[in-house]
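# Survey of secondary and tertiary structure
Now for the letters of each chain:
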Amino acid sequence: MSKRLMTLEDCIGIERLNGGDWHAEKGLVCWASNHTGGVMVKNLKTGAETKYTARGGGEGYARFSPDGKYVSFLSSLPGKGRQVCIADLASGEVKALTSIAGAAMEPLWNPDGKHILFSSSQETADHTDAPSDEPVVIEDFHYKVDGAGFIRPDGHVQLFLADAETGETRQLTQGESDWMHPCFSPDGRYIAAVGNQNRPKEESIGYDLFVMDLQAEDPQFRQISQDLIMVSYPNPIRPVFMPDGQSIIMGVLDPLADPALGYPPAVLYSFSIGGGEPVRLFQADAGCFQCVQFPYNAFCGNGLDKVQLDPDTGSVYFVSGWQGQANLYCLKPGDLHAHPVRVGKRVIHGLSRIQQGKMMIAEGLTDRPEAYILIDLNEPEAGETLVQSASEVLAECEITRTEDFFFATLDGESRVHGFVTHPARQEKGKKYPAVLYVHGGPHPFYTYGFTAEFQAWAARGYAVLWCNPRGSSGYGSRHQNYVRSVDGSAYTDILQFTDEALRRFDWIDENRLGVTGGSYGGYMTNWIASHAKRFRAYITQRSVVSDLIGYASSDMQGDSKKYPNFEEFMVNALRTSPVSYAENIDRPFLILHGEDDLRCPVEGAHQLFTAIKDTHPDLPVRMVIFPQTPHDQPRNPTLLRRYYQEMYDWFDRFLI
């Protein structure tokens, strides 16, 4: 029986895994997804699967209790908000453990199984559509966040500790600061977490490392890091205690990095809970230059950690991007250089705890969505697939192949990595239109992960072109240099990649090329449209349009300090803004934007639409604004369906 092609509905409704855990002694694995409607627990010996649910929405982030008798998870309960729930695996009983006013996040068991640690934001749960009768008072930077709006005093993320039996909950932190990514010491006495209570608000990603002694007479968090920024954005690392509980391994933004890189690489440090100078544990080399990764098109590992410790050997395992791969590395005690453990044309983006020399990882391939795989650290290239997402799509649909290649940049500074996804059911001798996708960031990178959106385009008869120009991470510090993403180098890389793809694949029709991308990818779409003439149509998504709009209206406020005066800053901001060149845009142009986007405010979409339409009254230009949509594609399935349909209709109209 022949397989069918992927459809728009497959793309919208594809299964994504959400959190998970495995318990070696009990032989169990748990997980949730957007399809399960609850938490699934599978017996690895018998293969039997059981679903546990509190009958709430968005259930996930499942974790086994230390003894394997219970599984905790999050559930958005009607009238109660997002709470921590517990399922008794023997009786099947499910109960809501907490009843806090805020939305619970990241529940974590104490090693003795008696308490659950979690974070919560009061404002997240209390948000309603009713207008506030309180004015917003603003006196400093970082006063709003995309997807959340204005930061109010009760909107900060705090830490809570709940009794696993009674649900009695006490708040561990308070005030106008945020606390995230907590963990317990092996004996359960200490809690480590990152917080920003001693950071100015304009340092929106600035976090320090803190420790709390739960056995102290008056437990309080005590800062143990100084002058270093803990990794929290955009791919957070949870602190990890060493087996003796006296030191903590944590990812740090490299203080030795060249400021020109933009977002610095992350490296590992060891911090003593007693204080003293931290110890750098990581030295970059040709195969691994940081201990974190920013994959753009990989969705595996949501809810799983990025760093784990082997309690038997003291080795630290972490994931890092390298040349489109997302690999698993090991840092052994006393060795500054990471050793590859599981590498190749795959994307690993989540790690479960190490037990009995084994670890569950989240991994995807270009032709296979994410799966949870159990690997033996002594034989890491083998593995047992425990959970496979989107299994129905894999069983029913044709997945078209993707090829990749490298080429040297014109200035000889670097090499660019490009991918070409073939159109479905390709016929020999036939020419096909192509869509060039530019990733956001600019520091994220395209991986060897499965991309449903690309497969849906391929099913419609398009080739999809995607690459990692300069500014992308995962190819070394020189390639990641932020300046190269905005000084014309990345623009040239993308055009050169297009030429190289046309040279290598003569079935791509050079007269039917379209460009699209979101955020920075939208910025580059705008820039290409106003500076190049080789593409036939454009779709810009949640795009950067004007540096002046970003300076004042984005949730990432600008900085004029490097200019001799404010006037020069203003003039330069106009010079580097795509909207300033709107009169050069003379090909069909579609603008997709979220009404609630604070990263790239919707004002930019209006300005770009007006500028193009004003200078080219007869040019096909269309702007579609999506309600309840922040800096992302819509999450509402109905809106997302319309979003994709707008894209399909536009390119079908001008490229087919």
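Residues numbered from 1 in each chain as written. Predicted model: local features only at pLDDT ≥ 70, side-chain atom pairs only at ≥ 80, totals over all residues. Heavy atoms only, no water.

### Some thoughts on the nonpolar core
Nonpolar side chains tend toward joint burial in soluble globular proteins. To be explicit about the condition: Residue types Ala, Val, Leu, Ile, Met, Phe, Trp, Tyr and Cys, when buried and joined through side-chain atoms within 4.5 Å, form a set referred to as a nonpolar core. The rule is simple: take the accessible area with a 1.4 Å probe, protein chains only, and divide by the maximum for that residue type; under 20% is buried, over 50% is exposed, in between is partly exposed. Here, residues are in contact when the closest pair of their heavy atoms is within 4.5 Å.
Formed by 56 residues in total, the largest nonpolar core has its most connected members in Phe221, Met230, Phe271 and Phe318. Apart from the residues within four sequence positions on either side, Phe271 is in contact with Leu209, Ile224, Ser225, Leu228, Met230, Gln246, Ser247, Ile248, Met250, Val252 and Pro278. Val438, Tyr491, Trp527 and Ala605 belong to the second largest nonpolar core, which has 45 residues in total.

### Re the sheet that holds strand β21 (residues 266-272)
Hydrogen bonds along the backbone pair up the strands of a sheet, which may run parallel or antiparallel. Put simply, the rule reads: Paired strands are those between which DSSP finds at least two bridges. A run of DSSP states H or I qualifies as a helix once it reaches four residues; a run of E qualifies as a strand once it reaches two. Both are numbered from the N-terminal end.
One open sheet holds the four strands; their spatial order is β19-β20-β21-β22, and the pairing between them is antiparallel. The open sheet terminates on both sides in strands that have one partner only, identified here as β19 (240-241) and β22 (279-280). Of the strand pairs in this sheet, β21 and β22 are connected by two bridges, and their pairing is antiparallel. Across the sheet, residue Ser270 finds its bridge partner in β22, namely Val279.

### Examining the environment of Phe609
Relative to the assigned elements, Phe609 resides in helix α11 (residues 603-615). Residue classification places Phe609 among the partly exposed residues on the basis of a relative accessible area of 22%. For the pair Phe609 and Phe241, spaced 368 residues apart in the sequence, the C-alpha separation amounts to 52 Å. Every residue in contact with Phe609, bar those within four places of it in the chain, is listed here: Ile591, Val621, Arg622 and Met623.

### Examining the pattern of salt bridges
Stated precisely, the cut-off is as follows: The term salt bridge refers to a pairing of a side-chain nitrogen on Lys or Arg with a carboxyl oxygen on Asp or Glu at a separation within 4 Å.
Across all of its chains, the model carries 34 salt bridges by this definition. One salt bridge connects Glu9 with Arg641, and the closest N-O pair in it is separated by 2.7 Å. Of this pair, Glu9 sits in helix α1 (residues 8-13) while Arg641 sits in helix α12 (residues 637-655), and the two are 632 residues apart along the sequence. The exposure class assigned to Glu9 is partly exposed, which follows from its relative accessible area of 41%. A salt bridge links Glu500 to Arg503; the shortest N-O distance between them is 2.5 Å. One end of the pair is Glu500 and the other is Arg503, both in helix α7 (residues 489-504) and three residues apart, which spans about a single turn. Three or more residues are tied together by salt bridges with common partners; here these are Asp411, Glu413, Arg470, Arg484, Asp487 and Asp493.

### Things to note about the confidence of the model for the protein chain
In low-pLDDT segments, the atomic positions of the prediction should not be examined closely. Cut-off, in case you're wondering: Confidence scores per residue from the predictor, reported as pLDDT, run from 0 to 100.
Summary statistics for the protein chain give a mean pLDDT of 93 and a share of 97% for residues scoring 70 or more. Across residues 124-128, confidence stays below pLDDT 50; counting only partners more than four residues off in sequence or on other chains, it has five contacts.

### Re helix α8 (residues 520-531)
Operational definition: Expected helix span is computed as 1.5 Å times (number of residues minus one).
Compared with an ideal rise of 1.5 Å per residue, which puts 12 residues at 16 Å, α8 spans 16 Å between its outermost C-alpha atoms and is within 8% of the ideal. The buried fraction of α8 amounts to 11 of the 12 residues, a majority that puts the element mostly inside the structure. Within α8 the residues assigned to the buried category are Tyr520, Gly521, Gly522, Tyr523, Met524, Thr525, Asn526, Trp527, Ile528, Ala529 and Ser530.

### Topic: the packing of α7 against α8
Applied cut-off: All axes here are fitted lines through C-alpha atoms, helices being fitted over the stretch that makes contact, and every angle between N-to-C directions spans 0 to 180 degrees. Orientation is classified from the angle alone, with under 35 degrees giving roughly parallel, over 145 giving roughly antiparallel, 65 to 115 giving roughly perpendicular, and any other angle giving oblique. Ten residues, namely Ala, Val, Leu, Ile, Met, Phe, Trp, Tyr, Cys and Pro, are considered nonpolar, four, namely Asp, Glu, Lys and Arg, are considered charged, and the remaining ones, Gly among them, are considered polar.
The geometry of α7 relative to α8 is characterised by a closest axis approach of 11 Å and an angle of 75° between their N-to-C directions. The angle between the axes of α7 and α8 places the two elements in the roughly perpendicular class. Residues Ala490, Tyr491 and Ile494 of α7 form the contact with α8, whose participating residues are Tyr520, Met524, Trp527, Ile528 and His531. Partitioning the contact of α7 with α8 into residue classes produces seven nonpolar, one polar and no charged.

### Overview of the pairing of strand β7 (residues 81-88)
In the case of a regular strand, side chains alternate between the two sheet surfaces. Of all eight residues that make up β7, six are buried, and the element is covered over most of its length. Pairing between strand β6 (residues 70-77) and β7: eight bridges, direction antiparallel. Within β7, the residue paired with Val71 across the bridge is Ala87. In sequence, β6 turns back onto β7 through a hairpin of three residues, with Gly79 there showing a positive phi of about 75°.

### A word on the side chain of His422
Locating His422 in the fold gives a position in the loop between β32 (415-421) and β33 (432-438). A relative accessible area of 4% places His422 in the buried class. Excluding residues that lie within four positions of it along the chain, His422 makes contacts with Thr400, Arg401, Glu403, Ala458, Tyr462, Phe505 and Trp507.

### Details of helix α4 (residues 452-459)
Burial runs high along α4: eight of the eight residues are buried. Within the sequence span of α4, burial applies to Ala452, Glu453, Phe454, Gln455, Ala456, Trp457, Ala458 and Ala459. Summarising the contacts, the buried residues of α4 are in contact with α1, β32, β33, β34 (463-468) and α12. Count one or two residues on from α4 and you reach Gly461, which has phi positive near 95°.

### What to know about the side chain of Thr409
Structurally, Thr409 is set in the loop between β31 (402-408) and β32. Its relative accessible area of 4% is what places Thr409 among the buried residues. Setting aside residues no more than four positions away along its own chain, Thr409 makes contact with Ser414, Arg415, Val416, Arg470, Asp493 and Gln496.

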